[in-house]
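Coordinate analysis (summary)
Chain by chain, the residues run as shown.
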Amino acid sequence: MKKLLSLFVVLCLACCLFAIPASAQQILYQGYHEFIDVNGYPRRIALRIKDGYENDGNDKIAYCYDLDYKYPTIENPNLYEGNDDRCYYSRIDSYLDSFDELTLKYGYEVKQKIAMALYAGYPIDAFGHYERSGITENEARFMMQRMVWDLTHGECKPYVPEDIISGSMANYYNSIYKDCLENFEENNVFHSGYCYIEGSFQIHIIKMKKYGELM
């Protein structure tokens, strides 16, 4: 049975790069960041988008495409200075078929590898890597965000435990890398219909403040 990989991958591509006027017909989804604890380290940033719910009832988990761009604001940004600066996104269908600035910047193979990583990674966990890992949900989210950034920066390779990254977290990352990315063959994954991408997201800035500490 084919699983759908919806969301995620272009969530934060342009919080301060460009703004697109939203038409009245477009459906917009709020993206926001939250703080999570990872392996004893507090206030690590993770992302969600209001487009349905995960199994735990929380908003959908999302990932940032490029470390060089800013994160979206928190869910209720008026908690900062009384300004409502929510970040909204529209869906792009389909992620693999779309041609955007990130395809130009990184190439189509990187785009496919990110799709494969998210299909194998948390929360979809198509091959059971997370289920076997023994790590927490927050730790899995942290390592998957690392993997997306490593792919876009051309630095995806096995990890060794250090500081915030425990041995189990490194093993989780490395198992996905070894099984799905090290010998990645595009034809075997995508042309066979094995991995299907339902959509991703593009930023719409309604009102936006720049939070330098969140870069």
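Here goes a summary of the coordinates provided.

Conventions used here
Residues numbered from 1 in each chain as written. Predicted model: local features only at pLDDT ≥ 70, side-chain atom pairs only at ≥ 80, totals over all residues. Heavy atoms only, no water. Phe/Tyr/Trp six-rings, centres within 6.5 Å; stacked < 30°, edge-to-face > 60°. Buried < 20%, exposed > 50% of the residue type's maximum accessible area, 1.4 Å probe, protein only. Salt bridge = Lys/Arg side-chain N within 4 Å of Asp/Glu carboxyl O. Helix = DSSP H or I, 4+ residues; strand = E, 2+ residues; numbered from the N terminus. Contact = heavy atoms within 4.5 Å. Polar contact = N/O pair within 3.5 Å; in protein donor to acceptor, adjacent residues only side chain to side chain. Expected span 1.5 Å × (residues − 1). Axes fitted to C-alpha atoms, helices over the stretch in contact; angles between N-to-C directions. Parallel < 35°, antiparallel > 145°, perpendicular 65-115°, else oblique. Left-handed = near helix turned anticlockwise from the far one by under 90°. Nonpolar A, V, L, I, M, F, W, Y, C, P; charged D, E, K, R; others polar.

Describing the packing of aromatic side chains
Scanning the entire structure with this criterion turns up five aromatic pairs. A centroid spacing of 5.6 Å and a plane angle of 80° characterise the contact between Tyr119 and Phe127, whose relative ring orientation is edge-to-face. The exposure class of Tyr119 is buried, given its relative accessible area of 5%. Connected via pairs of aromatic rings, a cluster forms that spans Tyr122, Tyr130 and Tyr172.

A word on the pattern of salt bridges
According to the stated counting rule, one finds six salt bridges in the structure shown. Between Asp66 and Lys105 there is a salt bridge whose closest N-O contact spans 3.1 Å. Of this pair, Asp66 sits in the loop between strand S4 (59-62) and helix H1 (78-81) while Lys105 sits in helix H2 (residues 101-106), and the two are 39 residues apart along the sequence. With a relative accessible area of 0%, Asp66 lands in the buried category. By relative accessible area, Lys105 is classed as partly exposed at 46%.

Side note on the environment of Asn138
Relative to the elements of secondary structure, Asn138 occurs in helix H5 (residues 137-152). Residue classification places Asn138 among the partly exposed residues on the basis of a relative accessible area of 24%. As a C-alpha pair, Asn138 and Val38 span 100 residues in sequence and 5.9 Å in three-dimensional space. With residues near it in sequence (within four places) discarded, Asn138 still touches Ile36, Asp37 and Val38.

Digging into the side chain of Gln30
Assignment of secondary structure puts Gln30 in strand S2 (residues 29-38). Taking relative accessible area as the criterion, Gln30 reaches 7% and is therefore assigned buried. A distance of 2.8 Å separates a polar atom in the side chain of Gln30 from the backbone oxygen of Glu75.

Here we look at H5
Compared with an ideal rise of 1.5 Å per residue, which puts 16 residues at 22 Å, H5 spans 23 Å between its outermost C-alpha atoms and is within 8% of the ideal. Counting buried positions over the 16 residues of H5 gives 13, a clear majority of the element.

What about unusual backbone geometry?
That bond from Tyr122 to Pro123 is cis: its omega, 10°, falls within 30 degrees of zero. Mapped onto the secondary structure, Pro123 falls in the loop between helix H3 (108-120) and helix H4 (129-133). Although it is not a glycine, Arg43 sits at a positive phi angle of roughly 55°. Note that Arg43 resides in strand S3 (residues 41-53).

Considerations on the packing of H3 against H5
The interhelical angle for the contact between H3 and H5, taken along N-to-C directions, is 170°, at an axis separation of 10 Å. By the angle class used here, H3 and H5 are roughly antiparallel. Crossing of H3 over H5 shows right-handed handedness. When H3 is examined against H5, the residues Val110, Lys113, Ile114, Ala117 and Leu118 are found in contact with a partner set consisting of Met144, Met147, Val148, Leu151 and Thr152. Looking at the contact of H3 with H5 residue by residue, the classes come out as eight nonpolar, one polar and one charged.

Comments concerning the packing of H3 against helix H6 (residues 167-181)
Direction vectors running N to C along H3 and H6 enclose 125°, while the axes themselves pass 10 Å from each other. Here H3 is positioned oblique relative to H6, judged by the angle of their axes. The handedness of the crossing between H3 and H6 comes out as right-handed. Of H6, the residues touching H3 (which contributes Lys113, Met116, Ala117 and Ala120) are Ile176, Cys180 and Leu181. Per-class residue counts for the contact of H3 with H6 are six nonpolar, no polar and one charged.

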